[in-house]
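Topology and contacts: notes
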Amino acid sequence: ISLILSSYKMNNLNIEKAIEYAASQTADLPHTAPLLSKMLLRLRECSNENDVRDVTERFAEAAGGGWARTFAVNIRAAYIRGRDIHISLEEELKQISETKQLMQERMRSNNESVRMTFFMVPATLLITTVLAVRQMDMPLIKAQFSNSTGCMLFMAILLLFIFNIVSTQIFLKKRTDL
């Protein structure tokens, strides 16, 4: 958004040239630049408002997120009606920066929960096993693995632990240009 906003102002409020410039900056926008290029090519082929609406909505769906929908509405307003959208782009940029801050806070919180899971689950397993062994006066290995219940419980805890780590890593690694 900031790249488009600055190029929009530099190109005398011409949204087509602003998108063209932003689409050429593939290093800065690895995921969004190809989508901008496709949208620009399709916008140049549009003959009426409905075509422009379809093209911008396709961009919003492909880019994903609320910022893309708002951005598509802004592009539509500038492209069809020639409206000055720099104020709304600045507002959207401000909202995105606030969203980034919230995302960073959530990632810190998620990292703490991952660390707690990584350290607390094995510690809990060991502590409960040691306490159970003390109650039954059996050696640790014999108590855990000599009967089928102890073995199945250990395997279930291990599988759930691995599943939890894998799923949190998958959800934490979303790709976005924000």
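In what follows, the structure referred to is the one given above.
Conventions and cut-offs
Residues numbered from 1 in each chain as written. Predicted model: local features only at pLDDT ≥ 70, side-chain atom pairs only at ≥ 80, totals over all residues. Heavy atoms only, no water. Patch = residues over 30% accessible without salt bridge, like charges linked within 9 Å, V, L, I, M, F, W, Y side chains within 5 Å. Areas by Shrake-Rupley, 256 points an atom, 1.4 Å probe, with all protein chains shown as cover. Salt bridge = Lys/Arg side-chain N within 4 Å of Asp/Glu carboxyl O. Helix = DSSP H or I, 4+ residues; strand = E, 2+ residues; numbered from the N terminus. Buried < 20%, exposed > 50% of the residue type's maximum accessible area, 1.4 Å probe, protein only. Expected span 1.5 Å × (residues − 1). Arc of directions from axis to C-beta. Phe/Tyr/Trp six-rings, centres within 6.5 Å; stacked < 30°, edge-to-face > 60°. Contact = heavy atoms within 4.5 Å.

1. Concerning a nonpolar patch on the surface
- A contiguous nonpolar surface patch, about 600 Å² in accessible area, is contributed by Met155, Leu158, Ile162, Val166, Ile170 and Phe171.
- Relative to the helices and strands, Ile162 is located in helix α8 (residues 148–172).
- Assessed through its relative accessible area of 43%, Ile162 is described here as partly exposed.

2. Some thoughts on helix α3 (residues 33–45)
- With 13 residues, α3 should cover 18 Å at 1.5 Å per step; its first-to-last C-alpha distance of 19 Å lies within 8% of that length.
- For α3, the full list of buried residues reads Ala33, Leu36, Met39, Leu40 and Leu43. For α3, the angular spread of buried residues about the axis comes to 120 degrees, placing them on one side. Looking at α3, the residues exposed on the side facing more than 90 degrees away from the buried face are Leu41 and Glu45.

3. Re the side chain of Ser167
- When you line up the elements, Ser167 lands in helix α8.
- We classify Ser167 as buried; its relative accessible area is 17%.

4. So, the packing of aromatic side chains
- The full count for this structure, using the stated rule, is two aromatic pairs.
- Where Trp67 meets Phe71, the ring centres are 6.4 Å apart and the plane angle is 40 degrees; that geometry is what we call tilted. Here Phe71 and Trp67 lie together in helix α5 (residues 66–81), a separation of four residues that amounts to about one turn.
- Assessed through its relative accessible area of 1%, Phe71 is described here as buried.
- In textbook terms, an aromatic cluster arises when at least three aromatic residues are bridged by ring pairs, as seen for Phe59, Trp67 and Phe71.

5. Some points on the side chain of Ser7
- Considering the arrangement of structural elements, one finds Ser7 in helix α1 (residues 2–10).
- Given a relative accessible area of 0%, Ser7 falls into the buried group.
- If near-sequence neighbours (up to four positions away) are discounted, Ser7 is found in contact with Ala18 and Tyr21.

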